[in-house]
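Spelled out from the first residue to the last, the chains are:
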Amino acid sequence: YGISKLLLVGDVHQLPATVLDQQSVESGFRKSHFSRIYQSYIDNKQREKLKVLTTQYRMHPEISYWPNKYFYQRQLKNYPCTEVHRKEIPLKHYMVISLSYDQELTQAQFEIYNKDEIQFVVGLIKQMLNCFDKHASFAIITPYTQHTEELAKTLRTDKLERVAVHSIDSVQGKEFDVVVISLARSNGAGFLDQPERINVALTRAKQCLVLCENFISSKRKPVWSSLLADAQQRTVYYELDDHDPQSHKQMRFIVVNNDSNTTIQLVSAQRFSQLFLVSGVWCYDGKGRMLIEAIYHQFY
């Protein structure tokens, strides 16, 4: 065609083509033309010819930390605006919450949804709405169509039109102040075994990202094993094995920011009279069980 120069722009670590046939996947049909050209430079030891944009302007550093380490070999630098203007929210910027709910049993392979997880996530998002002004944007991201539809239905019922619901495929290129990722699965991995899809979901949030799932199956996969180990090391990993989703309307879900002058500890509601809450809100269910850490000072 007489082309003297060709400029391709993209990210090989983001959403690939959706290919359902395993034989086609093994034949390489998920790999784009861009990815093939990119890989040819790597294979021929010509990495210096690849121009990489290394400054990210969206995510708080706590959110970008693991994707930067796992996908981008720590090449990304956080522009100052990602932190300077986003300190005054009463939430941790990044949390991973391990739930004990099981996905619904359906006959169709791709109609995966998790009713109890939906109740938890919607209850969580209601409390998070109280921590931001009316201009903040909210989204729930999930990999599965059925789970997306059930979430949207619940949000309409609860009159939470402010909260968007997206599949991973539809959310690429978008950004929100607050993102809750609801992964729905408790059996197998499916789409969740594709690191590029995970990267897309994890890099949409600007100020606050909460990741929810029953990780009993997915934690065996390398990408999830790395993410969970990182969350545990950074003390942003929480297990809510005893949570009763039916009591979600009586619950407060927020985990507040760390403060050097406070102590963090999991306590029972019976000790509440001895505690003075420093900031944020506490988290307990209708049976008086504390579910997530609260920051407090103790009276002496």
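Keep in mind that this is a model prediction, so the values were computed, not measured.

Participant: Break down helix H6 (residues 145-157) for me, citing the residues and quoting the values.
Facilitator: With 13 residues, H6 ought to run about 18 Å at 1.5 Å a step, and its terminal C-alpha atoms sit 18 Å apart, in line with that. For H6, every residue scored as buried is listed here: Gln 146, His 147, Thr 148, Glu 150, Leu 151 and Leu 155. Close packing links the buried residues of H6 with helix H5 (115-129), strand S4 (138-142), strand S5 (163-167) and strand S6 (176-182). Looking at the residues trailing H6, positive phi occurs at Lys 159, about 55 degrees.

Participant: Report on the confidence of the model for the protein chain, specifying residues and quantitative values.
Facilitator: Summing up the model confidence of the protein chain, the mean pLDDT is 77 and the portion of residues at 70 or higher is 73%. Of the regions scoring below 50 in pLDDT, residues 246-300 engages in 124 contacts with residues more than four places distant in sequence or in other chains.

Participant: Break down the state of the cysteines for me, citing the residues and quoting the values.
Facilitator: Counted under the stated rule, the structure contains zero disulfides. Cys 208 forms no disulfide, and the closest cysteine sulfur to it belongs to Cys 131, at a distance of 8.7 Å. Classification of Cys 208 by relative accessible area gives buried; the value is 0%.

Participant: I'd like a description of the pattern of salt bridges, backed by residues and values.
Facilitator: The final tally for this structure, using the stated rule, is ten salt bridges. Salt-bridge contacts for Arg 234 lead to Glu 62; the nearest nitrogen and oxygen are separated by 3.2 Å. Of this pair, Arg 234 sits in the loop between helix H9 (222-233) and strand S8 (237-240) while Glu 62 sits in helix H3 (residues 61-71), and the two are 172 residues apart along the sequence. You can call Glu 62 partly exposed: its relative accessible area is 36%. The partner of Asp 177 in a salt bridge is Lys 206, with the nearest N and O atoms 3.6 Å apart. With Asp 177 in strand S6 and Lys 206 in strand S7 (residues 205-213), this pair connects stretches of sequence that are 29 residues apart. Classification of Asp 177 by relative accessible area gives buried; the value is 11%. Several salt bridges share partner residues, and in doing so they unite Arg 58, Glu 175, Asp 177 and Lys 206 into one network.

Participant: Any details on a nonpolar patch on the surface? Residues and values, ideally.
Facilitator: A surface patch of nonpolar side chains, about 570 Å² in accessible area, is lined by Tyr 1, Ile 3, Leu 6 and Leu 8. Looking at where Tyr 1 falls in the secondary structure, it is placed in the segment before helix H1 (22-26). Given the relative accessible area of 98%, Tyr 1 is considered exposed.

Participant: So what's going on with the packing of aromatic side chains? Residues and values would help.
Facilitator: Counted according to the given criterion, the structure contains seven aromatic pairs. Considering the side-chain rings of Trp 66 and Phe 71, the 5.6 Å spacing of their centres and the 85 degrees angle between planes classify their relative orientation as edge-to-face. Ring-pair connections join several aromatic residues into one group, and the members of that group are Trp 66, Tyr 70, Phe 71 and Tyr 72.

Cut-offs applied
- Residues numbered from 1 in each chain as written.
- Predicted model: local features only at pLDDT ≥ 70, side-chain atom pairs only at ≥ 80, totals over all residues.
- Heavy atoms only, no water.
- Helix = DSSP H or I, 4+ residues; strand = E, 2+ residues; numbered from the N terminus.
- Expected span 1.5 Å × (residues − 1).
- Buried < 20%, exposed > 50% of the residue type's maximum accessible area, 1.4 Å probe, protein only.
- Contact = heavy atoms within 4.5 Å.
- pLDDT = per-residue confidence, 0-100.
- Disulfide = S-S within 2.5 Å.
- Salt bridge = Lys/Arg side-chain N within 4 Å of Asp/Glu carboxyl O.
- Patch = residues over 30% accessible without salt bridge, like charges linked within 9 Å, V, L, I, M, F, W, Y side chains within 5 Å.
- Areas by Shrake-Rupley, 256 points an atom, 1.4 Å probe, with all protein chains shown as cover.
- Phe/Tyr/Trp six-rings, centres within 6.5 Å; stacked < 30°, edge-to-face > 60°.

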